[in-house]
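Structure assessment
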Amino acid sequence: MSERYNLSVIIPTFNEEENIAAIIGAVNDVCSKNGIQAEILVVDDNSNDRTIPIVQDIVRRCENVRLIVRMNDHGLSQSVVDGFRAARSDILLVIDADFSHPPELIPRFYEAIRGGADIAIGSRYMKGGDIEEWPIKRRIISLGATAFGRVLFPEITDPVSGFFAVRREVVDRAPLAPRGYKILMEVLGKGRWRSFVEIPFVFRDRAEGESKLRLETMLDYLRQCCGIIWFSVTHRTGPVWTEWTKILRFGVVGLSGIFVNMGLLYVLTEVAGLYYLVSAAFAIETSIVNNFIWNDLWTFNSGGRLRFTRRLHRFVSFQVVSMGGLAINMLILYLLVEVGGIYYLIANLAGIFAAFAWNFMVNRHFTWKN
Ligand code: GDD
């Protein structure tokens, strides 16, 4: 790699004549003020406004600025991947051209990677982050996309952010094949990384020009998520695989709990002669204990020499969450049967599914948060 540059700033562009000169100037200013030797790569999809001549003019004057004009496979994410390939330093940062991402935060990303993180992510959804001046429709779409992304990467508050930095090794041999806008999801799903940090930022809607986000972009996103899941299943590696393994294990443990519950209910009622509701109370509690033990030792792998009090704390949390799950199951069963007129066994399936989702999500984030 070049010893000359210690940061490559990649700016994907399509029709950014109003912003491009200003963003290049701002990136150059902030980097030179902070002692960062940065190269700037503008990766343009053959814009039909004046973006290309403007950048060509800057390239003539500034030797750290390069322009890549792409003629095929139009797309924001594809452009960023081309930027990764052309970059000449070990730290790669992606930023929009339209000042939605504050360039003054670049040194924090740079320092985060130098400090040991593999990926530094600009987050709009953590404390200190925000979005300014977005229409309600755009907010809803973004929240939906982010929620979906968090199913795959639950620890990351903004896995669809377009403002991030990454260590070169993370993407170097990764089979990135993104479509659409969510390049970070591709990097998280297929790149080789262990650690990440999030840096809060306020996303400002573009000052000039308009967003190029279209319905097709959202369909691309869904396709991309399926591709990431498929990749993780076939390669059995990465954070998505780890997460899905947990979901599967949680499901297996849940099934074992059903057997414990049913078996005990039968034995206590039929063999020991207890009243069936008394048997049911014992059976439910025993299945909760069963599920806790297996989830603690296997699903979330919290074995080892952990203090008894911490395990007890987790057990109490699991117990409370399970009760919540039971209530959700009963409520859905009741509503679907009484209000929706649905056959009770089908209604119960919906209840079990909702309770499972609740139990997994809440336990994942609270009971076994580390
Ligand atoms: N090369 C290239 N090709 N660049 C593109 C293309 C394209 O097809 N489409 C957009 N860009 C560039 C724009 O010129 C701008 O620099 C940047 O990508 C963002 O484009 P916008 O169209 O303004 O994006 P946005 O504001 O809707 O989306 C932003 O926020 C999303 C999070 O909600 C981006 O940062 C996304 O990456 C991010 O996911």
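These lines cover the structure that appears in this document, whether it is placed above or below. (Residues numbered from 1 in each chain as written. Predicted model: local features only at pLDDT ≥ 70, side-chain atom pairs only at ≥ 80, totals over all residues. Heavy atoms only, no water.)

1. A short note on the pairing of strand β2 (residues 38-44)
For clarity, the cut-off: Burial status follows relative accessibility: with a 1.4 Å probe on protein chains alone, a residue under 20% of its type maximum counts as buried, one over 50% as exposed, and anything between as partly exposed. Counting from the N terminus, the helices are DSSP H or I runs at least four residues long and the strands are E runs at least two residues long. Paired strands are those between which DSSP finds at least two bridges.
Across the seven residues that make up β2, a large majority, seven, are buried. Burial along β2 is two-sided: the face carrying Ala38, Ile40, Val42 and Asp44 and the face carrying Glu39, Leu41 and Val43 are both buried. Pairing between strand β1 (residues 7-13) and β2: seven bridges, direction parallel. Bridge assignment links Thr13 to a residue of β2, and that residue is Asp44.

2. Here we look at the packing of helix α9 (residues 238-271) against helix α12 (residues 344-367)
Put simply, the rule reads: Axis angles are defined between N-to-C directions and span 0 to 180 degrees, where every axis is a line fitted to C-alpha atoms and, for a helix, only to the segment in contact. An angle counts as roughly parallel when it lies under 35 degrees, as roughly antiparallel when it exceeds 145, as roughly perpendicular when it falls between 65 and 115, and as oblique in every other case. When the near helix sits turned anticlockwise from the far one by under a right angle, the crossing is termed left-handed; a clockwise turn instead gives a right-handed crossing. Contact between two residues is taken to exist if any of their heavy atoms lie within 4.5 Å; hydrogens are not considered. Under the scheme applied here, ten amino acids are nonpolar (Ala, Val, Leu, Ile, Met, Phe, Trp, Tyr, Cys and Pro), four are charged (Asp, Glu, Lys and Arg), and all others, including Gly, are polar.
Close contact between α9 and α12 brings their axes to 11 Å; oriented N to C, the two are set at 125°. The angle between α9 and α12 falls in the class oblique. Of the two possible hands of crossing, α9 and α12 adopt the one that is right-handed. Residues Glu243, Lys246, Ile247, Phe250 and Gly251 of α9 touch α12, and the partners they reach there are Phe356, Asn359, Phe360, Asn363 and Arg364. Broken down by class, the residue content of the contact of α9 with α12 amounts to four nonpolar, three polar and three charged.

3. Re unusual backbone geometry
A positive phi angle, close to 50°, is found at Asp73, a residue other than glycine. Secondary-structure assignment places Asp73 in the loop between β3 (65-69) and α3 (76-86). Positive phi outside glycine occurs at Phe99, with the angle close to 70°. Position of Phe99 among the secondary structure elements: in the loop between β4 (91-94) and α4 (106-114).

4. Notes on the pairing of β1
Worth spelling out the cut-off: Handedness of a crossover: with both strands directed away from the viewer, a clockwise path from the first strand across the helix to the second marks it as right-handed.
Judged by how many residues are buried, β1 sits mostly within the fold: seven of seven residues are covered. Judged by which residues are buried, β1 turns out to be covered on both faces: Leu7, Val9, Ile11 and Thr13 on one side and Ser8, Ile10 and Pro12 on the other are all buried. A crossover connection joins β1 to the parallel β2 through helix α1 (residues 20-33); in handedness this β-α-β unit is right-handed. The pairing of β1 with β4 spans three bridges and is classified as parallel. Looking at the pairing, Val9 lines up with Leu93 of β4.

5. Topic: helix α10 (residues 276-299)
Listed as buried for α10 are Ser279, Ala280, Ala283, Ser287, Ile288, Asn290, Asn291, Phe292, Asn295, Asp296 and Thr299. Among the structural elements, α9 and α11 (308-339) are those in contact with the buried residues of α10. Phi turns positive one or two residues past the end of α10, at Asn301, with a value near 50°.

6. Things to note about a nonpolar patch on the surface
The condition is simple: Patch membership needs two things, relative accessible area over 30% and no salt bridge, and members are linked within 9 Å if like-charged or within 5 Å if nonpolar (Val, Leu, Ile, Met, Phe, Trp, Tyr). All accessibility values rest on the Shrake-Rupley procedure with a 1.4 Å probe; residue burial counts only the protein chains present in the view. Think of a salt bridge as a Lys or Arg side-chain nitrogen and an Asp or Glu carboxyl oxygen that are within 4 Å of each other.
A cluster of nonpolar side chains, namely Val252, Val289, Ile293, Trp294, Leu297 and Trp298, defines an oily patch on the protein surface of about 530 Å² accessible area. By the element assignment, Val289 lies in helix α10. For Val289, a relative accessible area of 31% puts it in the partly exposed group.

7. Some details on the pattern of salt bridges
A side chain with one charge can pair with a side chain of the opposite charge if their charged atoms come near. Counted according to the given criterion, the structure contains 21 salt bridges. Measuring nitrogen to oxygen at the nearest pair gives 3.1 Å for the salt bridge that ties Arg204 to Glu132. Of the two residues, Arg204 is situated in strand β9 (residues 202-204) and Glu132 in strand β6 (residues 130-132); the sequence distance between them amounts to 72 residues. Note on Arg204: relative accessible area 37%, which makes it partly exposed. According to the relative accessible area criterion, Glu132 is partly exposed, its value standing at 30%. Two residues, Arg223 and Asp220, come together in a salt bridge whose shortest N-O distance is 2.8 Å. One end of the pair, Arg223, and the other, Asp220, are both in helix α8 (residues 215-235), three residues apart, so they sit about a helical turn from each other. It is possible to trace a salt-bridge network through shared partners that takes in Asp45, Arg70, Asp82 and Arg85.

8. A look at the state of the cysteines
Counted only if it meets this: Any pair of cysteine sulfurs within 2.5 Å is marked as a disulfide.
According to the stated counting rule, one finds zero disulfides in the structure shown. With no disulfide of its own, Cys31 lies closest to Cys62 among cysteine sulfurs, the gap being 13 Å.

9. Quick notes on the sheet that holds β1
Spatially, the seven strands line up as an open sheet ordered β3-β2-β1-β4-β7-β5-β8, and their pairing is mixed. What marks the edges here is a single partner per strand, and that holds for β3 and β8 (196-200). Ignoring which end each strand starts from, the neighbouring axes of this sheet average 20° apart. Where β2 and β3 come together, five bridges link them in parallel fashion. Residue Leu41 lies in a different strand from β3, and its bridge partner there is Arg66.

10. What about the environment of Leu41?
When you line up the elements, Leu41 lands in strand β2. Exposure remark for Leu41: the relative accessible area of 0% places this residue in the buried category. Discounting residues that sit within four places of it in the chain, Leu41 has contacts with Val9, Ile10, Ile11, Arg66, Ile68, Gly83, Ala86 and Ala87.

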